[in-house]
Amino acid sequence: SRNENGKMHYYANVTTGNYNELTSLVYADDSLLTSDPRITREVEAIFEFFEKNYKVHNFKHLILSPHSTRKKFIKLVENEAENARSGKKAEIFLKMNSLVDEEMITALYEAGNAGVKIRIIVRGMCALLAGVPGLSENIEIISIVDKYLEHSRIFIFKNGGDELYFISSADWMARNLDSRIEVTCPVYDKKIQRELKDILEIQWSDNVKARIITAPQNN
């Protein structure tokens, strides 16, 4: 908080990584500095929860593990599936470190089979099988390990044309969804949304180009 011209203004920094001075030198994360009161008020409530963990707030914008992250993302994936069944364009674009949670993977399989186009960038462990006929034909997955270790978590849902954007500290693993305090933050600013989308599209297209160039040629 800061007193500006006699009025208190609140700022919050939400990031996909922690504030470790050593790992910050080699990890690539996304960090949001915001004065949006929808976010800053709820960040303050999270710190209150740290002090009094028996007092759980009703968050309207931030998504908090272990209380609501799993339920919220399942609902978002199912919403895309329902849109696809209704004939609407439905897409999910995800980036994370690890994707191993069985319930989340099952939800993605079901959404893909409903017609949702799903693209996922997973740096590390991934238990989802992409491109399997009858199971995951609409799901594509790539992995990126760059000079600075890919560490960001970004989640984009088409949402019937009104896209929803989130950055998060949580991978889709049981420990992150159910056993730790993790924060997922919506990104409301349209300019930042475009920037996040551009980052993922560049990473996706560059990886695909690299695979084409390095693939063995048939003589």
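Quick summary incoming for the structure in this document. (Residues numbered from 1 in each chain as written. Predicted model: local features only at pLDDT ≥ 70, side-chain atom pairs only at ≥ 80, totals over all residues. Heavy atoms only, no water.)

## Regarding helix H1 (residues 37–51)
Next up, step 1: An ideal rise of 1.5 Å per residue puts 21 Å on 15 residues; H1 measures up with 21 Å between its terminal C-alpha atoms.
Next up, step 2: Among the residues making up H1, those that are buried are Ile39, Thr40, Glu42, Val43, Ala45, Ile46 and Phe49.
Next up, step 3: At its buried positions, H1 is contacted by strand E3 (12–15), strand E5 (31–34), strand E6 (63–65) and strand E13 (182–186). (Helix = DSSP H or I, 4+ residues; strand = E, 2+ residues; numbered from the N terminus. Expected span 1.5 Å × (residues − 1). Buried < 20%, exposed > 50% of the residue type's maximum accessible area, 1.4 Å probe, protein only. Contact = heavy atoms within 4.5 Å.)

## Description of the pattern of salt bridges
Next up, step 1: On inspection of all chains with the given rule, the structure shows twelve salt bridges.
Next up, step 2: With its nearest N and O atoms 2.8 Å apart, the salt bridge here joins arginine 70 to glutamate 103. With a gap of 33 residues between them, arginine 70 in helix H2 (residues 69–85) and glutamate 103 in helix H3 (residues 102–114) connect regions that are remote in the sequence.
Next up, step 3: A relative accessible area of 16% places arginine 70 in the buried class.
Next up, step 4: Look at glutamate 103 and you get partly exposed, because its relative accessible area is 41%.
Next up, step 5: Its salt-bridge partner being arginine 153, residue aspartate 171 comes within 3.1 Å of it at the nearest N-O pair. Of this pair, aspartate 171 sits in the loop between strand E12 (164–168) and helix H4 (174–179) while arginine 153 sits in the loop between strand E10 (149–150) and strand E11 (154–157), and the two are 18 residues apart along the sequence. In terms of burial, aspartate 171 and arginine 153 fall into one category: buried.
Next up, step 6: Via salt bridges that share partners, Arg70, Asp101, Glu103 and Asp178 belong to a single interconnected network. (Salt bridge = Lys/Arg side-chain N within 4 Å of Asp/Glu carboxyl O.)

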